[in-house]
Amino acid sequence: MDLHELQAGVLRLLDEGWMQFQKVPGSAIVLRYIKSSYQNDPMRSVVELLLFLFALRYMLAPKYSTQKPDRIKLTEEEVDELVEDWTPEPLVGKPTQLEELDNEKSPIITGPTGPKVKLTNGRTVTNLGSYNFYNFVADETIREKAIDTLRTYGVGPCGPPNFYGTQDVHMRTEANIASHLGTAACIVYAQAFSTISSVIPAFSKRGDIIVADKAVNYPIRKGLQISRSTIRWFEHNDMADLERVLAQIVKENAKKPLTRRFIITEGLFENTGEVTNLPKLVELKLRYKFRIILDESYSYGVLGRTGRGLTEHQNVDPHEVDMIIGSLSGPLIAGGGFCAGSREVVDHQRITAAAYTFSAALPAMLATTASETLRILQESPEILQALRENVKAMRAQLDPRSDWVRCTSAPENPVLLLVLKAEVVAQKKYSREDQEYLLQDVVDECLANGVLITRLKNMPAPLGQGPRDRTWQPQPALKVCVTTGLSKKEVEKAGIIIRHAITKVVTRKK
């Protein structure tokens, strides 16, 4: 076959193909589209042709395996053997000997809690181990309103706030808290613990910077961990060291892209009982362009003339604090937590805070209880003064009169943290574990004499953490919670029992 015959054969095939194509329904429309497209935009026609050829090649390409060819195929016996040898990592760490001892000796209360409680062994003891500071649990008005709410709304909303879980009592409680604090808005969470641990990651993400006090509580630490932000620590309640850290951060990030920056601390520290210097915090915040997240879980309802917390106690405008987090449990005897701030701050959390979005809303009964206890604090500030008088009476029996312990708590704090004096620890060469066991013996001795107190517990360390990565831990301490449910004489008597128990245990130990 010569070249002319080949050309003729090709032309004949093209003619036959063209005739067959014209018989296909819609072929005229396709030809008209191609001609107009080529005339208006030739490059478009080229791109479309390439895409058509790529799609055709992809569909006609042979199938292939995504698995690596060098992957070793195991038999069923080998798989079963590997599964049997595998040991999963435990969900929680193994309890220490002290924790096991603590669990065995923990007293169990029967009946309602209060200043006087009955134990399962039949004894009635003075309860200085709960946050029932104002004895609201015995208030009949609060109880009746809680029961009425329970009968009207049921036990719980059975749904997240954004999915039919919000009720009018929740909105009323949020408005009451915002009005009490003097902020623009407030959002209520169903759990106190998860409030701060959800607020932090809702605003701070990877790449943002958080400067936190070394002594912050465990819920704050969980929030810092979840946020994956860059964490910088400053020495506990040391404003000079805080300023040093802030200035260093500003200098290091002067030429870097702008990120969100926060200062996180507590109003009343759970682990030391001390009060932070809020006016100085606000000054540093404005100077170095940071935002403040203030956890008032232990100061709201306690500090200030009407229990508004640290802003009222230290006469600071609440608008100077970007976010105020508090608890509705404890002194308010309800449940859940809240975050107060600007309208934008609150609205942002309603769709981004995990504990708000994915948890059932606060039971209506607890929301009503919180509103009622807030009303009592505002209308009867004398009960806060009565609590402070009892705190003074208890401190007078312990800190100045004891040769063995000192109180690290602020004078207004109804939770007295009693730690062994430094000279006592040095003289007797107590290790941290020795102090824990000794203080547990003091707790047991107090209970034997009719006074129920507890110890300050260590913060759990994350699983897989090495010795160098251990977080800051509070000094072992006794925890004594004062209440207005006891008279001044009863408080003084309990203080004497605690002091004598400390002396007896310490002098008994070699």
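Cut-offs applied
- Throughout this description, residue numbers start from 1 for each chain and increase along the sequence as written.
- The predicted nature of this model means local features are confined to residues of pLDDT at least 70 and side-chain atom pairs, given and counted, to a pLDDT of 80 or more, with totals for whole chains, interfaces and linings taken over all residues.
- Values reported for side chains reflect all heavy atoms of the structure, with hydrogen atoms and water molecules removed beforehand.
- UniProt positions are given in the numbering used here, feature names are shortened, and annotations may be inferred rather than shown by experiment.
- For every residue, the accessible area obtained with a 1.4 Å probe (protein chains only) is divided by the maximum for its type, and the residue is called buried under 20%, exposed over 50%, and partly exposed between those limits.
- Numbering of helices and strands starts at the N terminus; helices are DSSP runs of H or I of at least 4 residues and strands are runs of E of at least 2.
- Only strands that DSSP links by at least two bridges are regarded as paired with each other.
- Grid points spaced at 1 Å over the protein atoms alone were grouped into cavities, where a 1.4 Å probe fits but cannot get out, and pockets, open sets with protein on both sides within 12 Å along at least five of seven lines, with lining residues defined by an atom within 4 Å of a point.
- Grid points are joined across faces, edges and corners, and a volume is the space filled by probe spheres set on the points.
- Charged residues are taken to be Asp, Glu, Lys and Arg, nonpolar residues to be Ala, Val, Leu, Ile, Met, Phe, Trp, Tyr, Cys and Pro, and polar residues to be all remaining types, Gly included.
- In this document the domain limits rely on a domain assignment from an automatic tool or a database.
- Throughout, a residue-residue contact means that at least one pair of heavy atoms, one from each residue, lies within 4.5 Å.
- When two parts are put together, the accessible area they lose, computed with a 1.4 Å probe and summed over both, is reported as buried area.
- Basic side-chain nitrogens of Lys or Arg form a salt bridge, by our definition, when they fall within 4 Å of a carboxyl oxygen of Asp or Glu.
- For this analysis, a polar contact is any N or O atom pair within 3.5 Å, provided that within protein one partner can donate a hydrogen and the other can accept it, and provided that sequence-adjacent residues contribute only side-chain to side-chain pairs.

With an unreviewed UniProt entry as reference, the protein is termed serine C-palmitoyltransferase, source organism Lineolata rhizophorae. The Sequence similarities (unreviewed entry) field of the UniProt record for the protein holds the comment "Belongs to the class-II pyridoxal-phosphate-dependent aminotransferase family." In its Cofactor (unreviewed entry) section, the UniProt entry covering the protein states "pyridoxal 5'-phosphate".

Draft legend 1. Inspection of the pairing of strand β7 (residues 261-266) at higher detail. The buried fraction of β7 is high, at 6 of 6 residues. Residues R261, I263 and T265 point to one face of β7 and F262, I264 and E266 to the other, with burial holding for every one of them. Summarising the sheet, strand β5 (residues 209-213) and β7 pair through 4 bridges and their orientation is parallel. Considered in β7, the bridge of A212 is made with I264.

Draft legend 2. Geometry of empty space enclosed by the protein. For the structure on display, the rule yields 2 cavities of 30 Å³ or more. Of the volumes computed, that of the largest cavity is approximately 80 Å³. Together, Y131, F133, L268, F269, E270, G273, Y298, N413, P414, V415, L417 and K479 line the largest cavity. Here the lining of the largest cavity is built from residues that sort into 8 nonpolar, 2 polar and 2 charged. Split by domain, the residues of the lining of the largest cavity number at least three in each of domain 1 (97-136 + 382-507) and domain 2 (139-379). In this model, the second largest cavity occupies a volume close to 40 Å³. Lining of the second largest cavity is provided by G114, P115, N127, S130, N132, C481 and T483.

Draft legend 3. Quick peek at the domain arrangement of the protein. Partitioning the protein into domains gives domain 1 (97-136 + 382-507) and domain 2 (139-379). Each of domain 1 and domain 2 has a C-alpha centre, and these two points are 26 Å apart. Across the boundary between the two partners, domain 1 contributes 22 residues, which contact 30 residues of domain 2. Both faces considered, domain 1 and domain 2 share a buried interface measuring about 2200 Å² in area, 65% of it formed by carbon and sulfur atoms. The interface formed by domain 1 and domain 2 includes 0 salt bridges. For the pair domain 1 and domain 2, the interface holds 7 residue pairs in polar contact (both at pLDDT 80 or more).

Draft legend 4. Region of the structure containing the pattern of salt bridges. This structure, assessed with the given rule, holds 19 salt bridges. Linking D102 and K457 is a salt bridge whose minimum nitrogen-to-oxygen distance equals 3.7 Å. Of this pair, D102 sits in helix α5 (residues 97-105) while K457 sits in the loop between β14 (454-455) and β15 (478-481), and the two are 355 residues apart along the sequence. By relative accessible area, which is 38% here, K457 ends up partly exposed.

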